[in-house]
Amino acid sequence: SNNARPPDGPRAHEEGGAGGGGGGGGAGTEGPVPSTIFQTLMDGQRDPGSTLWNFPVWLLHEIYMMVERWYMAHLETKGVYASVVAQVDFPEPTGININMMPFKIGDPDTIPEQYRQYVPLIACCPFQHDDFRKVGFLTITESTVEAEGESHRRGGVHTETPGKVLVDVVPDGATDTSAGEFRLQRYTPLTIAWGAGVFEPTFKACYEYCGGIFLGSNVADSTRIWNCKVRKPDEVVGPLGDIDRLRPILGEGEALRAGEIAWITDCTPHESLPLPAGTRRQFFRVVTSKVSAWYADHSTENPLCALPESIMVIRGSKFGRPSVSAKQFDALGSA
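Residues numbered from 1 in each chain as written. Predicted model: local features only at pLDDT ≥ 70, side-chain atom pairs only at ≥ 80, totals over all residues. Heavy atoms only, no water.

S.K.: Please explain the environment of Lys 229 as it appears in this structure.
M.R.: Here Lys 229 lies in strand S12 (residues 229–230). With 35 residues separating them in the primary sequence, Lys 229 and Ile 264 have C-alpha atoms 9.1 Å apart. Excluding residues within four positions of it along the chain, Lys 229 makes contact with His 74, Leu 75, Glu 76, Tyr 81, Thr 265, Cys 267 and Pro 269. (Helix = DSSP H or I, 4+ residues; strand = E, 2+ residues; numbered from the N terminus. Contact = heavy atoms within 4.5 Å.)

In structure tokens form, the structure reads like this:
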């Protein structure tokens, strides 16, 4: 099925709504900020060495409410920022482990033969017409969860956009981000399998997914997404996209079913969930063409498809302080 889900949640039209406080699919419209903030305020009031010492309770409450409003102001909940777009069958696993491998969208010949069993999954993604023949990025992880309660991939609520990235610029010489937008379609799709358009009877019009990210896995309840997006990620998103501190105001979110492919933006909160030891999981993701940088040490090169020259290549561990060439850095700054 390639029908877009309404704004309340990724599958609200199937199950009667999923907004904050209802089915838990959308972000909450109100809720407490992280309890650690309240505890910090109270600890400061009792500490003679703190600037908060002996602050009246009403003033601490005002500070707390200001922080809560600041958190809520950084969440956009009206719109479509997460949507289940397809139901697929995963191929038999072979131990594939590739990350952000470039390929040309719509051209299976640019995918190495050992990964082409995933072409049908790529074909189920409703790419925007403008993305055809542009370079997208394929991630496939087929492995077994070793420890009880461990997530198969990165745990904790995060976005794909990392907010601010600090790099060292070197004389000689990703940020896996792809902005996304759900908007009215203004052209006719080329084919059903590769057409960018989706039809939603509620709107009586064709809508399309512009950019963004498609992801899914073969294990139910292993990925949770929220139908909202983070505003001003440079202000609120932590290192490598971390927004776990926003969890208390996000609501429950929705866990994907086995074989569901979801579309999200690079500012959509999501997480990989803890799983029982021994779980054999296959994870699939396609990041569309709007990528500004590529972590060379964490990504997979493709002999059949080169990186676009416009993409900044970051070398070194993304968990440390990576480096880029001065030429690439200037090019990104002007983008």
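Following the structure, the description resumes.
S.K.: Got a minute to help me understand the confidence of the model for the protein in this structure?
M.R.: Detailed reading of the predicted coordinates is not advisable wherever pLDDT falls low. Here the protein averages 79 in pLDDT, while 72% of its residues score no lower than 70. The low-confidence segment residues 1–8 (pLDDT under 50) makes 36 contacts with residues lying over four places distant or belonging to another chain. Within the model, pLDDT remains below 50 along residues 186–201, and this stretch shows 43 contacts once partners closer than five positions in the same chain are excluded. (pLDDT = per-residue confidence, 0-100.)

S.K.: Would you mind showing me how to read the environment of Leu 304 here?
M.R.: For Leu 304, the position within the fold is in the loop between strand S18 (293–295) and strand S19 (312–314). The contact partners of Leu 304, leaving out residues within four places of it in the chain, are Asp 109, Thr 110, Ile 111, Pro 112 and Arg 116.

S.K.: Which parts of the structure should I look at to understand the packing of aromatic side chains?
M.R.: Each pair of aromatic rings is reported with the distance of its centres and the angle of its planes. The tally for this structure, following the rule as stated, stands at six aromatic pairs. Considering the side-chain rings of Trp 70 and Tyr 71, the 5.6 Å spacing of their centres and the 80° angle between planes classify their relative orientation as edge-to-face. Where Phe 127 meets Phe 214, the ring centres are 5.3 Å apart and the plane angle is 75°; that geometry is what we call edge-to-face. The exposure class assigned to Phe 127 is buried, which follows from its relative accessible area of 0%. Note on Phe 214: relative accessible area 0%, which makes it buried. Put simply, the rings of Phe 90, Tyr 118 and Phe 284 pair up and form one aromatic cluster. (Phe/Tyr/Trp six-rings, centres within 6.5 Å; stacked < 30°, edge-to-face > 60°. Buried < 20%, exposed > 50% of the residue type's maximum accessible area, 1.4 Å probe, protein only.)

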